[in-house]
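For reference, the chains in residue letters:
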Amino acid sequence: EPRRLKTISFVGSEAYDCTLGFYPYWESQTVAQHRALRDCHMESVVAHPLYADAWTNLAWLYLDEHRYGHNRSDAPLPPLDRAIDAARKALTLQPDDARAHLVMAILQFYKRDLERFEQHAGFALTLNENDPVVAAELGLRFGLQGEWERALPLLDRVVRREPIKWQMYR
């Protein structure tokens with residue numbers, strides 16, 4: 001069972017503002033937002049290497065390089081590998097974080113490692129089944145696998161929680 005690593009570190013306001021800027025990115029995911037957020041998260045993890053939320057967000061941003069082609073960099077490792085490294089760092093720092101397990105689950109889904117996907121999906125749901133991002137992302141992946149008995153309750157929960165936002169998907 002995941003347990004939190006006890007760390008004490010001060011995170012500067014720039015790094016904190018950077019992580020806060022990530023959440024509106026979920027709504028639109030523009031290429032310009034991606035570049036700015038990826039760059040500030042890369043700076044944040046250098047300045048504050050124990051800041052697990054920055055590592056988690058950076059994993060998502062690298063994943064978006066992979067899945068959407070956003071701002072491909074000339075880094076030596078492919079974006080999916082960089083994303084997995086960032087997610088591992090987040091989980092090392094904060095093993096009881098649902099969103100860190102969620103991003104690792106999605107990364108394993110993209111790698112087609114369904115055993116590890118299931119492991120991290122299970123942790124994410126156990127840690128915070130009421131998080132709408134966890135429910136939506138995992139509900140979608142379960143649906144893509146044809147596991148509707150698992151997908152529909154999660155997706156229904158998200159739609160009921162924010163009916164206006166999700167009305168167009170009904």
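In the block above lies the structure referred to throughout.
Residues numbered from 1 in each chain as written. Predicted model: local features only at pLDDT ≥ 70, side-chain atom pairs only at ≥ 80, totals over all residues. Heavy atoms only, no water.

J.: How should I be thinking about the state of the cysteines in this particular structure?
T.: Between two cysteines, a covalent bond joining their sulfur atoms is known as a disulfide. Under the defined criterion, the tally for this structure stands at one disulfide. Covalent S-S linkage joins C18 and C40, the inter-sulfur distance amounting to 2.0 Å. Looking down the S-S bond of the C18 and C40 bridge, the torsion is 80°, so its handedness is right-handed. With C18 in helix 1 (residues 13–28) and C40 in helix 2 (residues 31–47), this residue pair connects regions lying 22 residues apart in the sequence. A residue is classified by how much of its surface remains accessible, and C18, at 6% relative accessible area, is buried. (Disulfide = S-S within 2.5 Å. Helix = DSSP H or I, 4+ residues; strand = E, 2+ residues; numbered from the N terminus. Buried < 20%, exposed > 50% of the residue type's maximum accessible area, 1.4 Å probe, protein only.)

J.: Explain the packing of aromatic side chains here, please?
T.: Aromatic ring pairs are defined here through the distance separating the ring centres and the angle between the ring planes. For the coordinates displayed, the defined rule picks out six aromatic pairs. Centroid distance F22 to Y23: 5.8 Å. Interplanar angle 90°. Geometry classified as edge-to-face. Grouped by ring-pair contacts, the aromatic residues F22, Y23, Y25, W26 and W60 constitute a single cluster. Its guanidinium or amino end placed over the ring of Y62, R82 lies 4.7 Å from that ring's centre, counting from NZ or CZ. Positioned above the aromatic ring of F142, the side-chain terminus of R150 is 3.8 Å from the ring centre. (Phe/Tyr/Trp six-rings, centres within 6.5 Å; stacked < 30°, edge-to-face > 60°. Lys NZ or Arg CZ within 6 Å of the ring centre and 35° of its normal.)

J.: Sorry, what's going on with unusual backbone geometry here?
T.: Glycine aside, a negative phi is what most residues show, and trans is what most peptide bonds show. Positive phi outside glycine occurs at Q29, with the angle close to 50°. Judged by its relative accessible area of 18%, Q29 is buried.

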